[in-house]
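Here is what each chain is made of, one letter per residue.
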Amino acid sequence: MTSSGTNSARDTARDTGSSGASGSRRAASSAAWEVLLPAVAAPARARGRSLREALREAVRSGRLASGTRLPSSRDLAADLGVSRGLITEAYEQLTAEGYLRSGRGAGTWVGGAARSAPPRARDLAPRPAGDRAGFVPGTPDVSLFPRAAWAAAQRAVLTELPHDELGYPDPRGLPRLRAALAALLARRRGVVADPERIVVLSGVSQAMAVLGLVLHARGIHEVGVEDPGSPQHAALYAAAGVRAVPLPLDGEGPAMGPLRASGVRCVVTTPAHQFPTGIACSARRRAELLDWARSVDGFVLEDDYDGDFRYDRAPVGALQGLDPERVAYAGSVSKSLAPGLRLGWLLVPEALAGEVVERKRTMDLGHPTLDQAVFARFVERGDYDRQLRRCQRAYRERRDTLVAALGEHFPGAHVTGIAAGLHVIAALPARHGPEERFLARVAAAGVAVHPLTHYTHARAGGAEEAVRLVLGYAHLSPGRIRAGVRAMAEAVAPR
Ligand SMILES: Cc1ncc(COP(=O)(O)O)c(C=O)c1O
């Protein structure tokens, strides 16, 4: 992508933004053009067709919304590095089909004829990683899944489990697993763990979904979420009818002034290792958050998604340990065993316990018994501790590899956040900006990365001058990490 082309896409956005009177005439963010990049990589004779198909699909899927103004054929051709004729032909064809509209000398827009469809199941399915390194955060190394130990635990459970236990389970979870989890989490995460107040469910996501329903039923229709933060948090609460109120962070955790001013009574937070900025919530901020929750008669909803993994010191204990009546604590095996197991836990304050259990019961009549029994045995026999140690060793080495590779290929890059978890934040020197151009080049080279702006609620994606990346490393071998960073550096090297 040429820099002049990149500018032209930005100019389109700026122009349209300033013509406020045009209302629905929105400009596509430059990120929208990324959907066309694979099409222009097609062999020359198929390029026109694949470009038309990609554009059609972008309109149908809603990625290019009705009213979006398209860049001029000259600018888009320059952006994509193809001939202008190819773009003109695609515009004309799609205008004839009703996907686009154009006015004489007035440009081209996405037309209203195509109804944007809800995402189809196959669009939601994860895409194969391909050969190139993808640094998309949040993924553990599922090849470390302890198949032999898991299979042995499954065999043992199937042999030993009494028939009675194959009936509907206790909606809180098997007593045996809750007891094992209480001991594990007290020892490893410093929580106050009463097995009677643990609910086994399918992950942090279900914990948040259930909490959302419970809060909504109590008349709590807003929840504070970290900004930047996990898009999942806002989406899960929204699905329960609870509006997410983005709250800024400072260097110690959620900023208290905006939290107090927001009027919310509950806040979702990731204190051990904030997602995605990687800061650890300070001791002072922990105390302030709990004082605030008591003062508004509210709750802190703690997402301890990767709290087991800390590489420079022992992990800091969970916030819940300081006040189990004000903190609902959620965790899962998604970062340590496999997200596909769909297994997690929620430790609930007394005040919410009955309602949470009832919601879980009406939702699915309890978590699958065999999975719970297998995991209980896995924890009881020390297999889970072994697995956590194995992941810790692998992830620490991968983080070190990534930091070293960034130092080698991006001199002056600054890695921020504590040495923990499955991702780092890399702030690249100014010469690599603007973000929009950097992302387009890296995407064209087939390396998947997410900028920090991807996780801000305003979704400024692409508009930043500085490049700050959220790089997941846990799922990549050291060799792939080095190759991926090298590929990124080559893709953005001055031409
Ligand atoms: C911030 C955060 N919380 C929680 C999770 C895990 O959710 P679950 O336990 O439902 O798999 C993720 C997954 O990537 C995450 O990024």
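Residues numbered from 1 in each chain as written. Predicted model: local features only at pLDDT ≥ 70, side-chain atom pairs only at ≥ 80, totals over all residues. Heavy atoms only, no water.

1. Let's talk about the side chain of glutamine 387
Here's step 1: For glutamine 387, the position within the fold is in helix H16 (residues 383–409).
Here's step 2: Aside from chain neighbours lying at most four places away, what touches glutamine 387 is Leu144, Phe145, Pro146, Ser336 and Leu337. (Helix = DSSP H or I, 4+ residues; strand = E, 2+ residues; numbered from the N terminus. Contact = heavy atoms within 4.5 Å.)

2. Comments concerning the side chain of glutamine 392
Here's step 1: In this structure, glutamine 392 sits in helix H16.
Here's step 2: Look at glutamine 392 and you get buried, because its relative accessible area is 16%.
Here's step 3: Ignoring anything within four residues of it in the chain, the contact list for glutamine 392 reads Asp308, Phe309, Arg310 and Tyr311. (Buried < 20%, exposed > 50% of the residue type's maximum accessible area, 1.4 Å probe, protein only.)

3. Some details on the pairing of strand E5 (residues 222–227)
Here's step 1: When E5 meets strand E6 (residues 243–250), the two strands line up parallel, connected through six bridges. Bridge pairing in E6 places valine 225 opposite proline 246.
Here's step 2: Handedness of the crossover joining E5 and E6 through helix H11 (residues 231–239) is recorded here as right-handed. (Pairing = 2+ DSSP bridges. Right-handed = clockwise from strand over helix to strand, strands pointing away.)

4. Examining a nonpolar patch on the surface
Here's step 1: On the surface, Leu158, Leu166 and Leu370 cluster together to form a nonpolar patch covering roughly 300 Å² of accessible area.
Here's step 2: Turning to its location among the elements, leucine 158 is positioned in helix H8 (residues 147–160). (Patch = residues over 30% accessible without salt bridge, like charges linked within 9 Å, V, L, I, M, F, W, Y side chains within 5 Å. Areas by Shrake-Rupley, 256 points an atom, 1.4 Å probe, with all protein chains shown as cover. Salt bridge = Lys/Arg side-chain N within 4 Å of Asp/Glu carboxyl O.)

5. A short note on the nonpolar core
Here's step 1: Of all hydrophobic cores here, the largest spans 64 residues; its most connected members are Phe135, Trp345, Phe375, Tyr384, Tyr395, Phe438 and Met488.
Here's step 2: In terms of residues, this core owes the most to one element, H16, which gives eight residues.
Here's step 3: If we skip the residues at most four places from it in the chain, tyrosine 395 touches Pro140, Asp141, Leu144, Phe309, Tyr311, Lys335, Gly421, Leu422, Tyr473 and Ala474.
Here's step 4: Counting residues in each nonpolar core, the second largest holds 30 residues, with Leu236, Ala244, Ala353 and Val356 among its members. (Core = buried A, V, L, I, M, F, W, Y, C linked by side-chain atoms within 4.5 Å.)

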